[in-house]
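So the chains spell out like this:
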Amino acid sequence: MTCLSKQIPENDPLRIAEQEIIIDQAITENKERPGAVMLVLNEVQGKIGHVSPSMQAYIARNLKVPLGQVHGVVTFYSFFKTQPRGKNTIKFCLGTACYVAGVPQLIEKAKQMLNIELGQTTPDGQITLEECRCVGACSQAPVIVVNDEVQGKLRPNKFPQIMKKVQN
Ligand code: FES
C-alpha cells in the first residue's frame, strides 16, 4: 500500500487493515485478467459493501488505468455504492405506479426526518436511503422496501412509526 493521503476519511476501508488486504488481494488476483477493472470493483463492492472515491483512486493507480475509467464504471452501474451503507436500508420504488401514487412525498418526508439525501446514510450508521426500480408490487403503490420487506400503500404520516421500528 502506498502512503495514504490525509484526505482519506477516518472510516475509509483504506485505513482499515483487513479491508486494505481485501482490496490488495482483488487487485493482485485480477490485474492481468481481461476486464480487470470490473472484476476488482465487483469483488471490493461484494466484500466491503462500497467503493469510496479514495478506493477508486487506489484501484486505478494500482491497475494503471485512468481514474475516469474506474469512476465511469462505478457511476454507470447502480450496483456500486460509493459510501458505506447503514445497518438498515430503506428503498423507495421509483417505478411509474409508485411515482404517481406519491413516492416523491415519502422521499421528502424521510429526508426531512433523517436529515440526509437519497443515497446517504445517517451519521450513526443506522439507516441508508436508496431508490429502486419496480419491485412488482404495483397494486400496493406507493411502495418502499425496508431491508427486505416490501411495505405498500404508504402515506408520509406513517413514516415516524416505520423509522421507530427500524431503529429498534
Ligand atoms: S412501480 Fe412500484 S412496485 Fe411497481
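This text follows the structure it describes.
These lines cover the structure that appears in this document, whether it is placed above or below. This structure is a prediction, so every number in the text was calculated from the model and none was measured.

## Observations concerning the overall build of the protein
Counting secondary structure elements, the protein contains seven helices and four strands. Its helices and strands taken in sequence order, the protein reads α-α-α-α-β-α-α-β-β-β-α from the N to the C terminus. For the protein, the spread of C-alpha atoms along the three principal axes comes to 50 × 30 × 20 Å. In the protein, which comprises 168 residues, the share counted as buried stands at 39%. By sequence separation, contacts in the protein at least 24 residues apart represent 58% of the contacts at least 6 residues apart. For the protein, the accessible area works out to roughly 9,800 Å², and carbon and sulfur atoms hold 52% of it. Placing the 19 positive and 15 negative side-chain charges of the protein at their respective mean positions leaves the two points 7 Å apart.

## Overview of the pairing of strand β1 (residues 88–93)
In terms of burial, β1 is largely enclosed, as five of its six residues are buried. Relative to strand β3 (residues 144–146), β1 is paired through three bridges, and the arrangement is antiparallel. Its bridge partner being in β3, Lys91 is matched across the sheet by Val145.

## Considering empty space enclosed by the protein
One water molecule sets the probe size; rolling that probe over the atoms shows where empty space is left. Throughout the structure, instances matching the rule amount to one cavity of 30 Å³ or more. Taken together, Cys93, Gly95, Thr96, Ala97, Cys98, Cys134, Val135, Gly136, Ala137, Cys138 and Val143 make up the lining of the largest cavity. A class-by-class count of the residues in the lining of the largest cavity yields eight nonpolar, three polar and no charged.

## A closer look at the side chain of Gln56
Position of Gln56 relative to the elements: it lies in helix α3 (residues 53–63). Its relative accessible area of 3% is what places Gln56 among the buried residues. Only 3.1 Å separates the side chain of Gln56 from the backbone oxygen of Val51, close enough to count as a polar contact. Not counting the four nearest positions on each side in its chain, Gln56 is found in contact with Val51, Leu67, Val70, His71, Val74 and Thr82.

## Topic: the nonpolar core
Ranked by internal contacts, the top residues of the largest apolar core, which has 23 residues, are Phe92, Leu129 and Ile144. Residue assignment for this core shows that the elements contributing at least two residues are β1, α6 (103–114), β2 (127–132), β3 and α7 (159–167). Here the element with the most residues in this core is α6; it accounts for five residues. Sequence-distant contacts of Ile144, that is, excluding residues within four places in its chain, are made with Ile90, Lys91, Phe92, Leu106, Glu149, Val150, Gln151, Leu154, Phe159 and Ile162. Among the nonpolar cores identified, the runner-up in size contains 20 residues, and Ile23, Ile27, Val37 and Ala60 belong to it.

## Focus on helix α2 (residues 36–48)
Its 13 residues place the ends of α2 18 Å apart at the C-alpha level, agreeing with the 18 Å of an ideal helix rising 1.5 Å per residue. Where α2 is concerned, the buried positions are Ala36, Val37, Val40, Leu41, Val44, Gln45 and Ile48. What you see down the axis of α2 is that its buried residues fit within an arc of 155 degrees, all on one side. Within α2, the exposed residues directed more than 90 degrees away from the buried face are Gly46 and Lys47. For α2, the secondary structure elements touched by its buried residues are α1 (17–30), α3 and α4 (67–76). Looking one or two residues beyond α2, the residue adopting positive phi is Gly49, at roughly 100 degrees.

Thresholds applied
Residues numbered from 1 in each chain as written. Predicted model: local features only at pLDDT ≥ 70, side-chain atom pairs only at ≥ 80, totals over all residues. Heavy atoms only, no water. Helix = DSSP H or I, 4+ residues; strand = E, 2+ residues; numbered from the N terminus. Buried < 20%, exposed > 50% of the residue type's maximum accessible area, 1.4 Å probe, protein only. Contact = heavy atoms within 4.5 Å. Areas by Shrake-Rupley, 256 points an atom, 1.4 Å probe, with all protein chains shown as cover. Lys, Arg positive; Asp, Glu negative; His and termini not counted. Charge placed at Lys NZ, Arg CZ, Asp CG, Glu CD. Pairing = 2+ DSSP bridges. 1 Å grid on protein atoms, 1.4 Å probe; cavity = no way out; pocket = protein on both sides within 12 Å on 5 of 7 lines; lining within 4 Å. Points joined across faces, edges and corners; volume = space filled by probe spheres on them. Nonpolar A, V, L, I, M, F, W, Y, C, P; charged D, E, K, R; others polar. Polar contact = N/O pair within 3.5 Å; in protein donor to acceptor, adjacent residues only side chain to side chain. Core = buried A, V, L, I, M, F, W, Y, C linked by side-chain atoms within 4.5 Å. Expected span 1.5 Å × (residues − 1). Arc of directions from axis to C-beta.

What is shown is where atoms sit, not what they do.
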